[in-house]
Amino acid sequence: MKRQIILTALIVSLTIFISACSKEAPAINTGFFKDYSTTKQNIKPNLATYKKVKIVPVAVIPAITLEKQTVSQKKMYKDIENYLTKEYTNIVTASGYTVTNKADKDTFILESAISMVEVHPHDKEWNQLTPIAIGLDVVSFNAYMYQNVRLLGEMRLVDAISGHVIGRNLSILKDNKILLDGDNLEFKNLKLSLDNWLKIVKANIQNQ
Amino acid sequence: MKKLFLFITLVFVNLQANTIAVNSSIVALDKYSYETPQGRPMKVPHETQIILIAFEKDTGAIVNNFLNAQNKYYLQKNKTIFIADIHRMPSLITKMFALPKMRKYKHLIYLQYGKEFENVIPHKEEKITVMHLAHGTIMNVSYVSNAKELKASIER
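Thresholds applied
Residues numbered from 1 in each chain as written. Chains lettered and ligands numbered in written order. Predicted model: local features only at pLDDT ≥ 70, side-chain atom pairs only at ≥ 80, totals over all residues. Heavy atoms only, no water. Helix = DSSP H or I, 4+ residues; strand = E, 2+ residues; numbered from the N terminus. Buried < 20%, exposed > 50% of the residue type's maximum accessible area, 1.4 Å probe, protein only. Polar contact = N/O pair within 3.5 Å; in protein donor to acceptor, adjacent residues only side chain to side chain. Contact = heavy atoms within 4.5 Å. Pairing = 2+ DSSP bridges. Phe/Tyr/Trp six-rings, centres within 6.5 Å; stacked < 30°, edge-to-face > 60°. pLDDT = per-residue confidence, 0-100.

## What to know about the side chain of Thr48(B)
All names here are of chain B.
- Within the secondary structure layout, Thr-48 lies in the loop between β2 (41-42) and β3 (50-54).
- The class for Thr-48 is buried, based on a relative accessible area of 3%.
- Of the polar contacts made by the side chain of Thr-48, one reaches the backbone oxygen of Pro-45; its length is 2.6 Å.
- In contact with Thr-48, not counting residues within four places along its chain, are Ile-26, Lys-79, Thr-80, Ile-81 and Leu-133.

Structure follows, in structure tokens:
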């Protein structure tokens with residue numbers, strides 16, 4: 001009986017230890033959508049009944065842990081967040097909506113996330129939504145060097161009262177290769193992709 | 001008897017056809033799956049010029065110890081990748097000891113878990129396979145057994 005208890009305790013301890021050993025996971029997708037096996041899940045919204053927009057600050061998903069981020073990377077992520085959030089405000093205002101902080105019945109919420117994916121368009125076995133760091137590390141270095149990284153923009157429009165998703169867009173900016181200057185990734189290397197993402201956001205919100 | 005001989009010949013030819021050797025394209029390596037010690041899927045860049053492959057614990061240790069003493073981008077700067085075939089390692093040992101250790105290395109490792117890989121890659125006991133490529137084609141296959149030879153192979 002005593003031997004059984006010791007054996008059981010040992011097995012349980014080993015199981016917990018093994019689980020703990022495998023806790024460090026690779027970069028994951030943002031989690032905006034349930035399924036990242038396909039890009040074909042966009043919904044064009046019908047915003048005819050909405051007058052106001054609440055803009056949630058853009059989530060920049062660097063896929064580099066906080067303790068490993070350099071000062072310049074942290075600044076770059078903040079720059080991306082600020083730039084896009086500001087431009088969303090401009091798009092929303094230019095489209096005739098009022099920006100608000102309240103969740104009223106004629107309000108929709110604009111949520112979005114920016115991350116990077118490694119692409120290999122000619123490889124049908126490769127998941128084109130495989131996340132990669134926004135920045136250089138040993139895993140991402142070659143992908144950036146060989147121009148296999150693209151910006152992934154995700155957007156979700158949510159009714160402020162019901163919480164229903166009324167529009168969504170997941171887009172890989174395929175035509176915009178991320179080109180490096182030397183060994184650093186900077187905001188300027190991403191600006192073209194970010195601006196093309198803004199065009200997609202604008203197309204979804206405008207002309208409703 | 002003739003049919004048996006023909007069958008054996010066909011199997012042999014088929015095996016040879018699948019072997020990755022001099023004049024093989026790097027694309028042949030796309031057939032196999034690789035991931036980092038953290039579990040991220042990886043693809044062998046077709047621009048790679050040197051591929052290091054280790055099949056044993058000790059040869060893997062030679063490569064890892066050498067690379068761990070270099071700059072973390074040493075492999076990338078030399079257009080080199082390192083594949084460690086660990087399919088023979090018991091899974092308990094892999095999860096409890098090998099992976100936690102490999103996750104601490106600052107260099108990139110492509111882990112290969114499949115059984116087939118060993119059958120198609122030329123290798124010798126207690127040696128590290130080194131493939132040199134040009135424009136996506138394997139130009140040379142050699143074998144090294146220590147850090148000094150490894151360094152010379154990469155930096156030649």
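## A few points about the pairing of strand β4 (residues 107-118) of chain A
All names here are of chain A.
- Within β4, twelve of the twelve residues are buried, which leaves the element mostly enclosed by the surrounding structure.
- Alternating positions in β4 separate into two faces, Thr-107, Ile-109, Glu-111, Ala-113, Ser-115 and Val-117 on one and Phe-108, Leu-110, Ser-112, Ile-114, Met-116 and Glu-118 on the other, with burial throughout.
- Both strand β1 (residues 52-55) and β4 contribute to a ladder of four bridges, which runs parallel. When the sheet's bridge partners are listed, Lys-52 is paired in β4 with Thr-107.
- Here two bridges tie strand β2 (residues 59-60) to β4, and the two strands are oriented parallel to one another. Pairing of Val-60 across the sheet is with Ile-114, part of β4.
- Pairing of β4 with strand β6 (residues 149-159), which is carried by eleven bridges, proceeds in the antiparallel orientation. Note on β6: the bridge partner recorded for Leu-110 is Leu-157.
- As paired elements, β4 and strand β5 (residues 130-132) share three bridges and run antiparallel to each other.

## A closer look at the packing of aromatic side chains
Residues and elements named next belong to chain B.
- Within the structure shown, the criterion is met by nine aromatic pairs over all chains.
- Ring centres 6.0 Å apart and planes at 70° place the aromatic pair Tyr-34 and Tyr-110 in the edge-to-face group. Remark: Tyr-110 occurs in strand β5 (residues 110-112) and Tyr-34 occurs in strand β1 (residues 34-35); sequence separation between them is 76 residues. Each member of the pair, Tyr-34 together with Tyr-110, is buried.
- An aromatic cluster is built from Tyr-32, Tyr-34, Phe-55, Tyr-110 and Phe-117, whose rings are joined through pairwise contacts.

## Remarks on the confidence of the model for chain B
- For chain B, the average pLDDT comes to 92, and 93% of its residues sit at 70 or higher.
- This complex was scored by the predictor with a pTM of 0.85 and an ipTM of 0.85.

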